[in-house]
Amino acid sequence: MKKLFAILAAAMLPVAASAADYPWMPDKPITIIVPWGAGGATDQVTRVTAGVLEDALGQKVVIVNQPGASGSIGKKNAYEAEHDGYTWAAGAPKQLGTYKLLGQWDTWIDDWRLYNTVTNVPLVAVNPNAPYATMDDFIAAMKDGGVTIATAGAGSSGHAAAEALKGAVGGSYKHVTYDGGNPAVVATVAGEAEATTQLASEQAEMVRAGRLKPLAVLADQPLEIDGYGTVPPITDFVDEKLPILSTAFGIFIPVKGTPPEVIETFDAIWSEVIPNAAPLKTYALEKGALFTPAAGDAARDKVWPEVQADAWSFDAAGRTKMSPDELGIPKP
Amino acid sequence: MSGARRADLVFAVLLTVFGIAATVESWRMPTLAELGVDPMSAPGLTPGLLGVVLAVLGLALLGRSLGGGEMGETAAAGGWGRLAVALVLCLGYAAGLLGRVPFWAATAIFVALFTFVFTVREAGPVRAGAGSLVLAAAVAVAVTLLFERVFLVRLP
Amino acid sequence: MDALTNLGAAIVGLAEPSSLFSVLWATLLGMTVGMLPGLTATLGIALLTTLTFRMAADDAILILIAMYVGAIYGGSRTAILLNIPGTPANAASGLDGFPLARAGRAGEAMGIATVGSFFGSVVGLLALALIAPQLAEFGLRFQSYEFFWLAVFGVVISGRLTAMDDPIKGWISGFLGLFLAQVGQEGIHAYQRFAYGSVDLAGGFGLLPALVGAFGFAEILCVMKEPAYVTVRDVGSRILPSLRDLFGRWWTVLRSGLIGTTMGIVPGVGEDMGAWVSYAAARRASREPETFGKGATEGLLAAETGNNAAVPGAIIPVLTLAVPGSAPAAVLLAAMFIHGVRPGPLIMIESPDFVFQVAGMLFWASVAILVLGLALTKPMLFVLRVPREYLMPVIFVLCVVGAFAIASRVFDVYVMLGFGILGFALRQMNYPMAPLVLGIVLGDILDKNFRRGMVLSDGSFEPFVTRPISAVLAALTLVTILWGIGPVRRAAGRLVRRPS
């Protein structure tokens, strides 16, 4: 009973200040805007991160889902909120480098300070009833232009992966978009689409259950999926070099106007607390993701090759409104 | 021509024009073909069709109000003055006061004014004033606490 | 019968004081969230997910489920008492609930809503415990083409049911709602439709501000306009529906429960459609369909049974496919992941106990709404006695806060005001509001699935009418429309009477 009253009390009052002494002590709940639907990859990892942050800061962290338009609506709202450290955005920071390129939103990666948590890799998987036994079959069909690929929409990690694959093997595919990684994976399980190129973490459960057949992971190393086995890397099937398709995830905040003590505080948390955060580590292990905490410039350096790869892949697909060169994104 | 029928007629014309305008605007939307997008997923497809449906419904309503088919009941008359006062108070609070004054203060002012204006004639200035002030204070405090502390939402 | 034994064991296992206490307070909080316009089940669960982060998985999920059940039920209270549904799922409940309250039978109406919600949840949780995997496979057969028809069908039946004398007005309202949902950045290419350079319009009209405006603010204006508003003095002494009444209606309860569960499984349409389709079916089956919309207890019973049955329904695909059947269920799914429960196709093999555990949690949450709902009916009747001069400003404050709370956008407050004035004008001309709001819910589903279907079929409309489920939905839609057109109905009637 005592425990329950404690919970009730916790519901009414801010979390007791058990935190270490950081330069910034938030005096009201912090909001993290997840610009995708609840239950997706970004949402899950952000909620785990939020729990770790609550412990570190001694203040509540509230998650708000604002999906829409390839994640730009929620991030835009975070940018338009006051730059006081109380409103953050979450997601794949590489998108911040390509919104402008795609003509969706005038923002740039250096407008934000990045705090990375985990990195995911895309996986090509097909419906078990689809006529593709191996990746070679799939590549042959793609060259003929006969495959249907489900992704989470234009600019999503799945879309970037499908474009990269197309760039390497040629041919074309029918692009079918859904509201998020989860719905795209389910549409493939249901047979509406033949294949999906969403992140391995979004597919792991269906792969384990035999509802999806993984053909290749779009990376240069094989991927171990707990309960399934090893998925071969795309480099076993294709000679052309594929761009970097891994996607780092994290939270980020506008640089301009955000008080320096907020930045110092989060830098400290990312160097002391996050690398040892058990919930995040467990999450990454279970989902077949990599645990890659990094903050500030280090995070930006890790994300930059992803931005380069995405930008030029979009450019090759003719989806960009300007050349990546104009934005100072060199070809990888 | 009854009032209800005239209202139907005007609304039918408005709706038809709106539907046609929506279809035209949807037609003018880019197909995004230059992005290599499937033409069947063009953004204007669904709103364009809905515009057509609305225009057809508007025409059906127009035909009926001109032709004299079956009609619904006439809307009841009522206190338009009271309505205007309520509307002005509500709009003044939501679009004028909020954001300029702290939430609790704006709320207290609004609740007090609203209650006072509508009860003063029956209850007299003293009782109406006391009642509205008590209610205003209670609402301002309760709503602010409930939403900010328990539900952790931001207030305007 | 193995499953029933397991379910029984799970229910007994949860019957310990600390769990029951958790269920009680979480359900009560859920009912509060459901009653306040603008706060929804989704927001409530998301909030509690954060607060229960550090608790043991079972306790946390129990609390979240109780919140979910409580919130969907709680919205019926305001629908009955004030004609302002607390969540979109309760719009159908107001159709008969509010007339009942105005006729001095508010206590009875709330009793029926409570009992209906209880039985709806029970039917749903039995389905969850007994045939969850099969139901989930059925849900997977709803693809783009079927979703398109569901959206059209929803607006058509809701338009028909809310404007029985004049269905064209219901349909205008519904299609207007579908159209208004198209404003703003669309979900496939992020193109800004009808935004004309405005950042706010590019974000579109939010569902909740529209709901709060069209029902809440419009209702305030309607009430204030009335020259002499009679506060209901006699609220009726009876609360519990008589057992004979209930037994006579067992088929309505079972039918609505099954419809609600099925609708809950289909992702995205969930509780709203559960209520509407149950209501339509009850009217179809009723011996006195003309009383519907004027205070038919059967209609209220069907709507409330239907929307609460959708809760376990929406949880079925969460558990067996890791696919949420509704927005609140999506948050529940995320919470399960966070607590290390791995729902998905393997759950029946890896941890079948968890499914029964969830069914048991749903059972206790249903018991909680039954107990709390009946116990709190008397005090809530007090709301009816408050003169409008005191009640309406408070409701308006809640409307403003509710509209703002969702995304902290000032624009949402203006949307609420705009929809309130539009809603008031439309109501003066006898246009129902419920189809408008349902249209806004379904507009996005209609748009994405229509265009996705057209992409998949290479521009052919054929799969929309040849796939089995699509064909059924298309036929139902067509029949509903034709039946609503007076001359057609009369011609059909003549044909039936005089087959020559």
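Residues numbered from 1 in each chain as written. Chains lettered and ligands numbered in written order. Predicted model: local features only at pLDDT ≥ 70, side-chain atom pairs only at ≥ 80, totals over all residues. Heavy atoms only, no water.

Undergrad: Looking at this structure, how should I read the confidence of the model for chain C?
TA: Atomic detail in the predicted coordinates should be set aside for any region of low pLDDT. With 93% of its residues at a pLDDT of 70 or more, chain C has an overall mean of 84. Highest mean pLDDT in chain C belongs to helix α8 (residues 167-180) of chain C (92); lowest belongs to helix α11 (residues 243-248) of chain C (70). (pLDDT = per-residue confidence, 0-100. Helix = DSSP H or I, 4+ residues; strand = E, 2+ residues; numbered from the N terminus.)

Undergrad: What is the right way to read the interface of chain B and chain C from this model?
TA: When the parts come together, some accessible area is lost, and that loss is often what is quoted as the size of the interface. Listed as interface residues are 69 residues of chain B and, on the opposing side, 63 residues of chain C. Note on chain B versus chain C: buried area summed over both sides is about 5700 Å², and carbon and sulfur give 79% of it. Summed over the shared surface of chain B and chain C, the result is eight residue pairs in polar contact (both at pLDDT 80 or more). Those elements that place two or more of their residues in the side of chain B that touches chain C are α1 (3-28), α2 (45-67), α3 (80-97) and α4 (103-150) of chain B. Take the side of chain B that touches chain C: its biggest share by element is 15 residues, from α4(B). (Contact = heavy atoms within 4.5 Å. Buried area = accessible area lost by both parts, 1.4 Å probe. Polar contact = N/O pair within 3.5 Å; in protein donor to acceptor, adjacent residues only side chain to side chain.)

Undergrad: How should I be thinking about the domain arrangement of chain B in this particular structure?
TA: Each assigned domain of chain B is listed with its residue range as follows: domain 1 (3-67) and domain 2 (80-150). The straight-line distance from the C-alpha centre of domain 1 of chain B to that of domain 2 of chain B is 41 Å. (Domains from an automatic or database assignment.)

Undergrad: I'm lost on the sheet that holds strand β5 (residues 123-126) of chain A in this one. Help?
TA: Picture the strands of a sheet paired through backbone hydrogen bonds; they go either parallel or antiparallel. Spatially, β7-β6-β8-β5-β9 (chain A) is the arrangement adopted by the five strands of the open sheet, whose pairing is mixed. On the outer flanks of this sheet lie β7 (173-177) and β9 (213-217) of chain A, each paired with one strand and no other. Pairing of strand β6 (residues 147-151) of chain A with strand β8 (residues 195-196) of chain A involves two bridges; the strand directions are parallel. Within β8(A), the position partnered with A:Ala150 by the bridge is A:Thr196. Sheet strands in contact with helix α7 (residues 200-208) of chain A are β5, β8 and β9 of chain A, and its direction is about 35 degrees off that of β5(A). Lying over the sheet, helix α21 (residues 434-456) of chain C contacts β6 and β7 of chain A, oriented at roughly 165 degrees with respect to β7(A). (Pairing = 2+ DSSP bridges. Axes fitted to C-alpha atoms, helices over the stretch in contact; angles between N-to-C directions.)

Undergrad: It is not clear to me how the pattern of salt bridges should be interpreted in this structure. Could you clarify?
TA: Two side chains bearing opposite charge may form a pair once their charged atoms approach each other closely. Within this structure, the stated rule accounts for 19 salt bridges over all chains. B:Asp8 is paired through a salt bridge with B:Arg64; the nearest N and O atoms lie 3.7 Å apart. Taken together, the residues B:Asp8 in helix α1 and B:Arg64 in helix α2 connect sequence positions 56 residues apart. Pair check on accessibility: B:Asp8 and B:Arg64 agree, each one buried. Its salt-bridge partner being B:Arg82, residue C:Glu389 comes within 3.9 Å of it at the nearest N-O pair. In this pair, C:Glu389 is assigned in helix α19 (residues 388-405) and B:Arg82 in helix α3, connecting two distinct chains. The structure contains a network of salt bridges with shared partners spanning B:Asp8, B:Arg64, C:Asp166 and C:Lys169. (Salt bridge = Lys/Arg side-chain N within 4 Å of Asp/Glu carboxyl O. Buried < 20%, exposed > 50% of the residue type's maximum accessible area, 1.4 Å probe, protein only.)

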